[in-house]
Structures are given as C-alpha cells and as structure tokens.
There are 2 protein chains.
Amino acid sequence: MIKVAVLGYGTVGSGVVEVIEKNQAMVNKKAGEELEIAYILDLREFPGDPYEDKVVHDVNVILEDPDVKIVCETMGGVGAAYQFTKAALERGKSVCTSNKELVAKYGPELLQTAREHACNYLFEASVGGGIPIIRPLNYSLTSEKIEAITGILNGTTNYILTKMEREGADFDEVLKKAQEKGYAERNPEADVEGHDACRKIAILSSLMMGKNVDSEKIKTEGITKITPADFEYAKASGRTIKLLARAKALDENTLQAMVAPAMISRENPLAMVNDVFNAVLVTGNMLGDSMYYGRGAGKLPTASAVVSDVIDCARHQGKVIMCFWDKEEAVLADSSKSASAFYLRAKAGSQEAVKAVIPGGRILELPGRDEDFAYFTPVLEEGAFEKICEGLGDLILGRIRLDA
Amino acid sequence: MIKVAVLGYGTVGSGVVEVIEKNQAMVNKKAGEELEIAYILDLREFPGDPYEDKVVHDVNVILEDPDVKIVCETMGGVGAAYQFTKAALERGKSVCTSNKELVAKYGPELLQTAREHACNYLFEASVGGGIPIIRPLNYSLTSEKIEAITGILNGTTNYILTKMEREGADFDEVLKKAQEKGYAERNPEADVEGHDACRKIAILSSLMMGKNVDSEKIKTEGITKITPADFEYAKASGRTIKLLARAKALDENTLQAMVAPAMISRENPLAMVNDVFNAVLVTGNMLGDSMYYGRGAGKLPTASAVVSDVIDCARHQGKVIMCFWDKEEAVLADSSKSASAFYLRAKAGSQEAVKAVIPGGRILELPGRDEDFAYFTPVLEEGAFEKICEGLGDLILGRIRLDA
C-alpha cells in the first residue's frame, strides 16, 4: 500500500482523486501496489464530500507522515507550490505536478533536489494536458536527436481561432462567448497573449536541449490581432491560422524559440487540430515528424496524466527516473535574425508600394474585398522585415508568419 | 559497455547499426552506458562494409557470449527468428524486435520467457514503425481504461488510397506505380488484403485487453475493391476512405476487432493521415481520444524504434519492464452481430429496390454519374446487412462501412 497526498482540491486535484477511484483496479495493477489517497491539502472544508475526512489544512501533516511516498501538486502558482514541492522532495517523497508555471521556472532545481533524495519530480500533465508528450520525449524518442518541436499548446486560443475560422467572427466576439462557456478565463491574458503556450514550449525545448530554456526570454505574440479578413486570405490560399509554439535546435547549446500565430498549409498535420485539442509535432533526425494529439486541458484528461506519473513513481520507488534537464542555460538565438516568409495584409492601392520594398512576393486579391489585399513575401530576416513594415506604416493592416 | 548483437543485416538491421552509429553520443547518454555493436548475424558476407568484421553466420557465437546483453531481431518470419529469440531470452539476453508477425504469434510466450529469465522482450518497432505507441500504451496511458484503438497501420495501403483519392486513379494502376517506386512489395497481398494491419491491431488490442488476441480470428478485408467512384461519393459527402484496423473492448474479456476500409468524416483526425504515414487513435475512459502519428515504416524510423528499445533494455538490466499481455485468450465478439452504418454503391435505377429493403437511409446522386448512385444506410447489424446485400445481388456495386 502506498499513501498518496493531493495538494489542492480544485479542478485537477479532485480529478486526480476521481481517476484513482474510478480506475482503481487498473491503476493498482499498473502501479504494482495499492494506492490510497491518504490526505488532501486545501484551505477549504468539503462537508459532504466522500473524501471529507482526508482533508487537512497543514502541509506538515503530509510532510511528516513517512508513509506518504507520492505527492500530487495540483495547486498552481509558484509560491506555496514551490515550498511544498521542495519540502516533499527533500523528504524523499516523489512529486507529480500539473503546474507548468512552476516546472518552467524551477524545473531543473526541483529535478536536482529529487535526484539528491532518490525520488522523482514528474510533470507529464504540465504540457498538453492528457496527451502523453513528456514521457515519449524522455522514454521513447531516446535514440533520436530532436531537431525541432512545434506545438499547438493552448486550448483556449485554439478554440477561439477555430471558431473565428468557422464563423467568420471577430476575436472579441468569440472570446466573449468562450468566456461565457467557461472555455476562456475571465482574465484571458495568459492564454490569448501566448504566455501559457510559452511556458509549455520552454519545458519541451528544455527537454529537447537537455539544458534550461528560460521562458521569459522566448519571443511571444498572442492572437489578439488576428481578424476574420486574415482567415479569408488563409482559406483562399489553402491555409489556416494557428498559434504555434516552436523550438528548433541550431547546435548543442543554441536554439530558436518563439510563440506566435502562423498561417500554415492545410497539408500540415497541425492544421487539423481544432477546438480545444492540442498537438505536439516532434522532428527527430532519424524518425522525421511524429505527432501527439489529444485534449490539452480539462479536469479528467489532466488528472489522468498526473495519475500516470503517480503510477510511474510507484513503479520506481527509491529509483531516479532519467530526465535530462540541466541547470545550465541554453542560448536563445537572436530572433531578429531568424528567417521566415510572411503574409501581409495591406491597404488596397498600396500594391506597388509593397512590392517595391519587398520584391519577389505574390499578391492575392479576393473578389468582394475592396479595402485590402494580401501579399505573401519571400523568406526574410525578422529584423529586416520589421523595419520594412515600419517604413510602410499604416498601409500594413496585418501580418502573420507563413509556416517555415 | 554493453555488447549488442543484430540478427539480420537487411533494411531494418542495417538501420539499427546506422542509428546507433550516427546518434552515438545521444544513445550512450540515454542508455547510461556505452553500446557496442559486437555481432551482426547474417548468412551473407558484406565485403567492404565498415562492420564487415562483426558479421557472423552462427547464432551460437552470439548466444554463447555472456557479454552480449541485448539482441536486436530484425530478421522477420516466425521460423529461425522464433528459435533465436527464444534461445537468447533463455540465456537472459533481452531481445528488441521489429518483427510483428512473430510478436503477434508468440508475444505472450516470449514475454513469459523473458520474465522467467529476468530480461525483456520489447517490440516498439512492430507497430507503427517509428511512432511511439507500444511504450505510450504500457508506460503513459497507465491510468486509463482503454476502450478502443483505431489505427491506420499500413503505409502501403494508405499510400495507395491517398493516390487514388488525389488522382482519381484505379487501384490496379496505383498499385503498379507504387511497386515501381518501392512503396509496395512485388507480392503485395499481405498489405493490400489487410493481413499486415491485422497483425498490428492484434498486438495493440492484446495490450488493451491484457490478454491474447488471436490475429487469425480477426475479420479482415483489404482495399482491392475500392474504386475511384467510391472516392467521388466520399468526397461529395465530406468523407474520405481509409483502411482502418479497429478494436473495441466490450468487457474485461471480450472485444470487437476488424480490419476493413471505412468511409470516415473529414473531421475525424485519421482523415488527414495521408501517404505512407500511420496513426493510432486511442480512446481512454478519462482522457478521451489521443492520437499518435508518424512514419509507419522505412529503414531509419523503424530502426529508431528498435534502438529506443535497446536503450530501455540498457536502463533496465536485470529488471523486468512491466507489460500486461497474458497467454489467456481474449474473446472476439461475433462480427456478424456488430453494428455499423454503410455506404452502398448501387446500379442506377435500383433506388426504390434498395430503399425498400433498407429503409431510412439517404440517397446521394452525383451529376455526371449516370450508372450508379450512393446510399447511406442507417446502423445495421453486419450479418443482417450481409443477407440484404446477397438479396440485392448484382445491383450492389460496392459497399464500405461508415465510421462508427
């Protein structure tokens, strides 16, 4: 019997309890031992809840119980979550988390603490919700040099973009509906400005490099400037628009990384990832592209990933599971030097002006759209392109990278 | 240092050597120890090959070398491959294989032998080439009750169907071109009749059930009867046609399993899996659908999966990696009782006759197609549908299951 504690009885935490309860026989069989929810840490009381008597308010009850071998951190944030995680690991208790913010910020430190105390810090649920992606990177693609990772890593923005495309609706209008349905937070900034996706690609690219990638240094653009007009031009050119989080290894120490909307070909496997679904496309030097697709959020999918980590910890008691993510910082290449082709939407009448400063591209005009046109540029350096756009001033109505 | 032997220096075997050589630093780091290709078993000589001096013709040289801890079986077939695998496992040497025929036929027995000798029999490369799917099922989706698995598991047939759709070409014509390009074998029966996909779904469904699923009992239909006309109707109804291998758990002992072409909605994530790519869609009771996509065949992708198994064996020396696949036979439900909606293509003029015997369906007539029409039936039992079709005789020109 292994005692498990859950820190935070919110959406994911209560999901963890539900998964362990509903799939009890399967979970115990796979863990090789019976798992028991011994404690649930929360500030609130839960009168009438079947686990009411497991609720404690003092983390020390958990930390001081030597029979608790595995702790699920489903609190979120980087304050108490960090302290409790650190304290649990220092006592040799393995920690499984869904907290991407904490993993992105303190991943290598907490992994190091776990190693020093012969336990594990696992974070499958921190990226892609229930999609197995951390474990495939750490356990499956071990014979590959990973060259690039590109993901649709945020369900809220993918839902909004899917709706905008299907309904021809404005960003603001779709966001409002998404908030009403609970698909977007009341304060949607972390999602729509790309910060959530940024933390996740920082985690994935750290695993790709084996070194730490600082999420705060990754260039990040959100989707607030995307318009229905952009979707019209995308459609007319056989493309769609997705918020992509990308990382590309340039050498052993250096990578490019960016979160930004991209206009991608309908032939790209990421193009069919719609609604709240997430997907991660991994490019290895032997395998080429492989993709992992599923529900990137939600109570049970996320909890399922936490519980798969719990099972992994139960199977590896006293043994450190390999995870290459050193404290050493990976170098982020100057994003102004990275190259891309771009889609530009510009004011009607400025065709010649645009072509004059960016020669070699292709104009697309759509019947019925008299106010603007699209221009697909050749590949340009980001910095140079930025300057050209500044020069064109308010002739430019929108711009999106084309899939590189 | 761990000595590795490769049995069979053909496409996959030479790929294994290439992956270990090209990604040497990464492979050794992940394995935690240096891997050395010590022997290559083949009947042929390879003069001039850099590994020429590693080639041996007698398997006993390998079996009797106590330093060989890991054997890659890339021979194929169920004769010598079975004997050599069994003998290696009995000597405590782990075996990693790409041989789906052997795994489908002797999986549980060889897993048992491995367990008895504290070593491992791993077969990531036997399904989906380089796509990680065995390990995600065994290590990642451990907290899930797997309810269903649906896959595009054969690259040759998927390539042919993709070409037929895009070019409006006949099966025979596309097959001939695929053979010329090396995408189809000279004797294509195992692929185009669905037998290859059948072995793979037998392996996946055995892991889903934890019990043995006999591939020979799985109802299997190939793609030879699919015509360009079927693709026309598929397109007009927002669908495409794929060869699907499916398994669905009915209870702890019983499953439905089938390999057959299916007309699937463009919204189905499997619809975008084109050319030689493979994908596996797994439905869990907590996570819902997750999908694993990539190159289902080819020298380096397949070899990459074999080498990931080698690394796993290196990490787990003397330790048995959990794999639930008992000898006990799972029960395959009577396929004549399983239900599906169907697409029927029937001779023009027989609309009323078809509707009379299968009421409640929908007729689709396409301009320019005067010789036939399509009929989309309601959900029917397979056995009952079969009888109705017999009754209609040669009025029926084609029939394909609609995605269930």
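Explanation requested: the domain arrangement of chain A in the structure shown.
Interface size is commonly expressed as the accessible surface area that is lost when the partners come together. Residues and elements named next belong to chain A. We note that the domain assignment places domain 1 (2–128 + 299–315), domain 2 (134–295) and domain 3 (336–402) within chain A. Between the C-alpha centres of domain 1 and domain 2 there is a distance of 27 Å. Taken together, the contacts link 12 residues of domain 1 with 16 residues of domain 2. Residue contributions to the side of domain 1 that touches domain 2 peak at six residues, all from helix H5 (residues 100–116). In the side of domain 1 that touches domain 2, the residues fall into six nonpolar, three polar and three charged.

Just checking my understanding: could you explain helix H4 (residues 80–90) of chain A for this structure?
Owing to its 3.6 residues per turn, the α-helix aligns residues three or four sequence positions apart on the same side. For H4(A), every residue scored as buried is listed here: A:Ala81, A:Phe84, A:Thr85, A:Ala88 and A:Leu89. Considered in projection along H4(A), the buried side chains sweep an arc of 130 degrees and stay on one side of the axis.

What exactly am I supposed to notice about the interface of chain B and chain A here?
Tallying the contact residues gives 39 residues for chain B and 39 residues for chain A. Contributing elements (two or more residues each) for the side of chain B that touches chain A: helix H2 (24–31), helix H6 (134–140), strand S12 (288–295) and helix H12 (299–315) of chain B. Of the residues that constitute the side of chain B that touches chain A, the class distribution is 21 nonpolar, 11 polar and seven charged. Relative to S12(B), strand S12 (residues 288–295) of chain A runs antiparallel, the two sharing five bridges. Bridge pairing in S12(B) links A:Tyr292 to B:Tyr292.

Explanation requested: the confidence of the model for chain A in the structure shown.
Reading predicted coordinates in detail is not appropriate for stretches of low pLDDT. Across chain A, the average pLDDT comes to 97, with 100% of residues at 70 or higher. Scoring of the predicted complex yields 0.96 for pTM and 0.95 for ipTM.

Got a minute to help me understand the nonpolar core in this structure?
Within soluble globular proteins, side chains that are nonpolar tend to cluster in buried spots. Ranked by internal contacts, the top residues of the largest apolar core, which has 258 residues, are A:Ile201, A:Val310, B:Ile201 and B:Val310. Sequence-distant contacts of A:Ile201, defined by excluding residues within four places in its chain, comprise A:Gly151, A:Leu153, A:Ile218, A:Ala245, A:Arg246, A:Ala247, A:Ala257 and A:Val259.

How should the packing of helix H1 (residues 11–22) of chain B against H12(B) be read in this particular structure?
To characterise two packed helices, one gives the angle between the axes of the helices and the distance between these axes. All names here are of chain B. Across the interface, H1 lies against H12 with an axial gap of 8 Å and an inter-helix angle of 65 degrees. On the basis of their axis angle, the class for H1 and H12 is roughly perpendicular. You can see that H1 and H12 cross each other, and the crossing is right-handed. Between H1 and H12, the residues in contact are Thr 11, Val 12, Gly 15, Val 16, Glu 18, Val 19 and Ile 20 and Lys 299, Leu 300, Thr 302, Ala 303, Ser 304, Val 306 and Val 307, respectively. Counted by class, the contact of H1 with H12 contains eight nonpolar, four polar and two charged residues.

The rules behind the values
Residues numbered from 1 in each chain as written. Chains lettered and ligands numbered in written order. Predicted model: local features only at pLDDT ≥ 70, side-chain atom pairs only at ≥ 80, totals over all residues. Domains from an automatic or database assignment. Contact = placed C-beta atoms within 7 Å. Helix = DSSP H or I, 4+ residues; strand = E, 2+ residues; numbered from the N terminus. Nonpolar A, V, L, I, M, F, W, Y, C, P; charged D, E, K, R; others polar. Buried ≥ 20, exposed ≤ 12 C-beta atoms within 10 Å, placed from the backbone. Arc of directions from axis to C-beta. Pairing = 2+ DSSP bridges. pLDDT = per-residue confidence, 0-100. Core = buried A, V, L, I, M, F, W, Y, C linked by C-beta atoms within 7 Å. Axes fitted to C-alpha atoms, helices over the stretch in contact; angles between N-to-C directions. Parallel < 35°, antiparallel > 145°, perpendicular 65-115°, else oblique. Left-handed = near helix turned anticlockwise from the far one by under 90°.

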